[in-house]
Amino acid sequence: MELLSEINDFLRRSQMPATRFGRLAVRDPRLVGDLKNGRQPGSRMTARVRGFIAGPGA
């Protein structure tokens with residue numbers, strides 16, 4: 001659930017739609033909705049999402 005909170009904070013700050021975030025971060029526009037419905041991301045996906053949130057060069 002912690003990852004979903006991080007994503008929601010990012011979406012609020014950036015005003016980015018959830019589907020766009022999923023598409024840009026991991027090429028999955030359903031990511032945020034699936035996480036809300038209980039999807040458990042693997043460690044690689046979690047790392048990709050956090051890397052996207054951190055921004056380029058992070």
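Relevant structure appears above.
Because the structure is a prediction, the values reported are computed rather than measured.

A. Region of interest: the overall build of the protein chain. From N to C terminus, the protein chain includes four helices and zero strands. Going residue by residue from the N terminus, the α and β elements of the protein chain occur as α-α-α-α. Taken against the 2.2 N^0.38 rule, which gives 10 Å for 58 residues, the C-alpha radius of gyration of the protein chain at 10 Å falls within 12% of a compact globule. If you line up the protein chain on its principal axes, its C-alpha atoms span 30 × 25 × 20 Å. A buried classification covers 33% of the 58 residues belonging to the protein chain. Pairs at least 24 apart in sequence give 46% of the contacts found in the protein chain among residues at least 6 apart. Element-wise, carbon and sulfur atoms account for 49% of the exposed surface of the protein chain, whose accessible area totals about 4100 Å². Treating the 11 positive side-chain charges of the protein chain as one cloud and the 5 negative ones as another, the clouds have centres 7 Å apart.

B. Region of the structure containing the environment of Lys 36. Relative to the assigned elements, Lys 36 resides in helix H3 (residues 31–36). Taking C-alpha positions, Lys 36 is 15 Å from Pro 17, a pair spaced 19 residues apart along the chain. When sequence neighbours within four positions are dropped, the list of residues in contact with Lys 36 reads Leu 4 and Asn 8.

C. Examining the packing of aromatic side chains more closely. This model, assessed by the stated rule, comprises three aromatic pairs. Measuring from centroid to centroid gives 5.5 Å for Phe 10 and Phe 21, while their planes differ by 50°, and the two rings are tilted. With Phe 10 in helix H1 (residues 2–14) and Phe 21 in helix H2 (residues 18–26), this residue pair connects regions lying 11 residues apart in the sequence. Exposure remark for Phe 10: the relative accessible area of 13% places this residue in the buried category. Plain terms: the ring middles of Phe 21 and Phe 52 are 5.3 Å apart, the flat faces sit at 80° to each other, and that makes the pair edge-to-face. Residue Phe 21 is located in helix H2, and its partner Phe 52 is located in helix H4 (residues 43–54); the two are separated by 31 residues in the primary sequence. With relative accessibility at 0%, the residue Phe 21 sits in the buried group. Ring pairs connect the aromatic residues Phe 10, Phe 21 and Phe 52, which therefore count as one cluster.

Analysis parameters
- Residues numbered from 1 in each chain as written.
- Predicted model: local features only at pLDDT ≥ 70, side-chain atom pairs only at ≥ 80, totals over all residues.
- Heavy atoms only, no water.
- Helix = DSSP H or I, 4+ residues; strand = E, 2+ residues; numbered from the N terminus.
- Rg over C-alpha atoms; globule rule 2.2 N^0.38 Å.
- Buried < 20%, exposed > 50% of the residue type's maximum accessible area, 1.4 Å probe, protein only.
- Contact = heavy atoms within 4.5 Å.
- Areas by Shrake-Rupley, 256 points an atom, 1.4 Å probe, with all protein chains shown as cover.
- Lys, Arg positive; Asp, Glu negative; His and termini not counted.
- Charge placed at Lys NZ, Arg CZ, Asp CG, Glu CD.
- Phe/Tyr/Trp six-rings, centres within 6.5 Å; stacked < 30°, edge-to-face > 60°.

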